[in-house]
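# Examination of the molecular architecture
These are the residues of each chain, in order.
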Amino acid sequence: MKGLIIYRSRYGATRQYAHWLGEELQLPLRQPEEISSEDIANCDFVIIGSSVYVGKLLIRKWLAKQMPILQNKKIFLFIVCGTPPEEQEKLNVILKNNSQLSLLKQATIYFLHGRMLLKGLHWLDRFGLKLGASLVKDPKVKKEMVTDFDDVRKEHIIPLVKEVEAFVCQEKVLA
Ligand SMILES: Cc1cc2nc3c(=O)[nH]c(=O)nc-3n(C[C@H](O)[C@H](O)[C@H](O)COP(=O)(O)O)c2cc1C
């Protein structure tokens, strides 16, 4: 079975998860700009990774462009963000904000907790965060928005790895 990992990351959290997945599943990694529609068409399944900025997937423009091909593929999507996995309502808002995801009928979606270290951010991102936080009333949420976190851990990919392995196994049996 032919599979591929395509990801977009700004500061490395999604890249780190993509590399771990590549190692565990023995799959090649690509950036969206390195991939043609033909490359995708030749795959049996695609693992797509993206982080989230101001509610939107970093990879959204590429997703929209490739949607006609992706719609008919088995897709495993991992979304890397600051919203913790237990905050399901907020994660649902991310899904809603990225409405094109509903077109991926054969997609399995995983949320993986990411990393944000203020010191390493581009000034525009730091400015955006501070501006966003200044508009939030809840003091707890306000503080969280401008506080470092790093929860990028290999164990988070285990359920996704298991599901991809099960899919590959099942398809081999059916072939
Ligand atoms: C400017 C900025 C905006 C962000 N907006 C969101 C957001 O709307 N929702 C969220 O859950 N996380 C948000 N995050 C957290 C990132 O998604 C998180 O840091 C992620 O791990 C970044 O991954 P990357 O390094 O692969 O780009 C934001 C981070 C920054 C710096």
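Use the structure listed above.
One structure accompanies this document, and this report is about it. Every chain begins its residue count from 1, and numbering advances along the sequence as written. Only residues with pLDDT of at least 70 get local features here, since the model is predicted, and only at 80 or more are side-chain atom pairs given and counted; chain-wide, interface and lining totals rely on the full set of residues. To get the side-chain values, take all heavy atoms of the structure and skip hydrogens and water.

## A few points about the state of the cysteines
Inclusion rule: For the purposes of this analysis, a disulfide is any pair of cysteine sulfur atoms at a distance within 2.5 Å. Residue burial is assigned from relative accessible area. The probe radius is 1.4 Å, only protein chains are included, and a residue is buried under 20% of its type maximum, exposed over 50%, and partly exposed in between.
Taken as a whole and assessed by the stated rule, the structure comprises zero disulfides. Of the cysteine sulfurs around Cys-43, a residue in no disulfide, the closest is that of Cys-169, at 19 Å. A relative accessible area of 4% means that Cys-43 is categorised as buried.

## Overview of the site of the ligand
The following threshold applies: Whether a residue is near a molecule or strand depends on its heavy atoms: it is near if one of them lies within 4 Å of it. As used in this structure description, the phrase polar contact means that two N or O atoms lie within 3.5 Å; if the pair is within protein, one of them must be able to donate a hydrogen and the other to accept it, and residues adjacent in sequence are counted only when both atoms belong to side chains. Values of accessible area rely on a 1.4 Å probe in the Shrake-Rupley scheme; residue burial ignores everything except the protein chains shown. For the purposes of this entry, the term helix denotes a DSSP run of H or I that reaches at least four residues, the term strand denotes a run of E that reaches at least two, and both are numbered from the N terminus. Under this grouping Gly is polar, as are all residues other than the nonpolar Ala, Val, Leu, Ile, Met, Phe, Trp, Tyr, Cys and Pro and the charged Asp, Glu, Lys and Arg. The split of the chain into domains comes from an automatic or database domain assignment.
The full set close to the ligand counts 22 residues, and Ser-9, Thr-14, Tyr-53, Thr-83 and Arg-115 are the nearest of them. Here an oxygen atom of the ligand and a backbone polar atom of Tyr-11 are 2.9 Å apart. Thr-14 is positioned with one of its side-chain polar atoms (N or O) 2.6 Å from an oxygen atom of the ligand. Within the complex, 90% of the 640 Å² of free accessible area of the ligand lies under protein. Sorting the residues of the shell around the ligand by element identifies α1 (13-25), β3 (45-53), β5 (74-81), β7 (115-116) and α5 (123-134) as the ones contributing at least two each. Examining the composition of the shell around the ligand, we find that three residues originate from one element, β3, more than from any other. Looking at the shell around the ligand residue by residue, the classes come out as eleven nonpolar, eight polar and three charged. For the shell around the ligand, the domains that each give at least three residues are domain 1 (3-114 + 151-174) and domain 2 (120-149).

## Considering unusual backbone geometry
Negative phi characterises most residues that are not glycine, and trans characterises most peptide bonds. A positive phi angle is found at Gln-26, which is not glycine, with a value near 55 degrees. Under the relative-accessibility criterion, Gln-26 is labelled exposed at 66%. The backbone of Val-54 sits at a positive phi, close to 45 degrees, despite the residue not being glycine. Examined against the element boundaries, Val-54 turns out to sit in the loop between β3 and β4 (56-57). Taking the relative accessible area as the measure of exposure, Val-54 reaches 86% and is therefore exposed.

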